[in-house]
Amino acid sequence: MRLAIACDHAALSYKERLRDLLRGAGHQVTDCGTDSTASCDYPDFAQAACRLVQSGECDRAVLICGTGIGMSIAANKMTGIRCALVHSVETARLAAAHNRAQALAMGARVIELATAWSCVQTWLAEPFEERHQRRLDKIAALEQH
Ligand code: RB5
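Since the structure is predicted, the reported quantities are computational estimates derived from the model, not experimental observations.

How each quantity is defined
Residues numbered from 1 in each chain as written. Predicted model: local features only at pLDDT ≥ 70, side-chain atom pairs only at ≥ 80, totals over all residues. Heavy atoms only, no water. Near = heavy atom within 4 Å. Polar contact = N/O pair within 3.5 Å; in protein donor to acceptor, adjacent residues only side chain to side chain. Areas by Shrake-Rupley, 256 points an atom, 1.4 Å probe, with all protein chains shown as cover. Phe/Tyr/Trp six-rings, centres within 6.5 Å; stacked < 30°, edge-to-face > 60°. Lys NZ or Arg CZ within 6 Å of the ring centre and 35° of its normal. Pairing = 2+ DSSP bridges. Helix = DSSP H or I, 4+ residues; strand = E, 2+ residues; numbered from the N terminus. Right-handed = clockwise from strand over helix to strand, strands pointing away. Buried < 20%, exposed > 50% of the residue type's maximum accessible area, 1.4 Å probe, protein only. Axes fitted to C-alpha atoms, helices over the stretch in contact; angles between N-to-C directions. Parallel < 35°, antiparallel > 145°, perpendicular 65-115°, else oblique. Left-handed = near helix turned anticlockwise from the far one by under 90°. Contact = heavy atoms within 4.5 Å. Nonpolar A, V, L, I, M, F, W, Y, C, P; charged D, E, K, R; others polar. Core = buried A, V, L, I, M, F, W, Y, C linked by side-chain atoms within 4.5 Å.

Draft legend 1. Representation of the site of the ligand within the structure. The full set of residues close to the ligand is D8, H9, A10, Y42, C65, G66, T67, I69, G70 and R109. Contact between the ligand and G66: an oxygen atom at 2.7 Å from a main-chain N or O atom of the residue. Burial of the ligand by the surrounding chains reaches 72%, relative to a free accessible area of 290 Å².

Have a look at this one:
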């Protein structure tokens, strides 16, 4: 899969580890930064990664900040992006199965790296359940308001 990954300063090493694991698993990963521990603004990096999803250059985006909250709020402001903030394998599974989330947000200060990796793997593997499409159409309609 073609993936974008991004983080802020609170999650740099976390992102680098996930990026390397994803590449090791055979995914094509575009690293959208940040690339240092200097304080930065997570909306800039959420935007960089989600733009690639919007344009079709990437299939999905993985977003990591301290809590995952800021990244998810920013990503969900972008047209067509459904970003799920997850903290467990089950929420990651449902983000794919029920919400067809193309962006996954996680908090480096909230969950262990091993859990985050399990979340990402589950989210990538889980198929969408078409019976939920009606709700996604209603979410898309909310973008007009
Ligand atoms: C940065 O200190 C922190 O606010 C950020 O990583 C994130 O947790 C925001 O939601």
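Picking up where we left off.
Draft legend 2. Structural detail: the packing of aromatic side chains. Throughout the structure, instances matching the rule amount to zero aromatic pairs. Taking NZ or CZ as reference, R60 lies 4.8 Å from the ring centre of W123, over its face.

Draft legend 3. Geometry of the pairing of strand β2 (residues 28-31). In the sheet, strand β1 (residues 2-7) pairs with β2 via four bridges, with the strands oriented parallel. Across the sheet, L3 pairs through a bridge with V29, a residue of β2. Regarding topology, helix α1 (residues 12-24) serves as the crossover connection from β1 to the parallel β2, and that connection is right-handed.

Draft legend 4. Just the pairing of strand β5 (residues 103-107), in detail. A large share of β5 lies buried, amounting to five of its five residues. Neither face of β5 is open: one carries A103, A105 and G107, the other L104 and M106, and all of them are buried. Looking at chain direction, strand β3 (residues 60-65) and β5 are connected through five bridges and run parallel. When the sheet's bridge partners are listed, L63 is paired in β5 with A105. Pairing of strand β4 (residues 83-85) with β5 involves three bridges; the strand directions are parallel. The residue of β5 that forms the bridge with L85 is A105. Tracing the backbone out of β4, into helix α4 (residues 89-97) and back to the parallel element β5 gives a crossover that is right-handed.

Draft legend 5. Region of interest: the packing of α4 against helix α5 (residues 113-125). Where α4 meets α5, the closest approach of the two axes is 8 Å, and the angle between their N-to-C directions is 25 degrees. As summarised for this structure, α4 and α5 are arranged roughly parallel, according to the angle between their axes. Judged by the twist between their axes, the crossing of α4 over α5 is right-handed. Between α4 and α5, the contacting residues are V89, A92, R93, A95 and A96 on the first element and S118, C119, T122 and W123 on the second. Classifying every residue of the contact of α4 with α5 gives six nonpolar, two polar and one charged.

Draft legend 6. Up close: the nonpolar core. Counting residues in each nonpolar core, the largest one holds 26 residues, and the members touching the most others are L22, M106 and W123. Counting residues per element, this core draws most heavily on α5, at six residues. Discounting chain neighbours no more than four positions away, the residues touching W123 are R60, A61, V62, A92, A95, A96, A101, Q102, A103 and L104. Formed by 22 residues, the second largest nonpolar core is a distinct cluster that contains C40, L52, V53 and I81.

Draft legend 7. Local environment of the sheet that holds β5. Pairing within the open sheet is parallel, and its five strands lie in the order β2-β1-β3-β5-β4. Every interior strand has two partners, whereas the edge strands, β2 and β4, have only one. Strand-to-strand, the axes of this sheet are offset by a mean angle of 20 degrees, without reference to chain direction. Packed on one face of the sheet, α5 meets β1, β3 and β5 and runs near 165 degrees to β5.

This is a description of form; function is not addressed.
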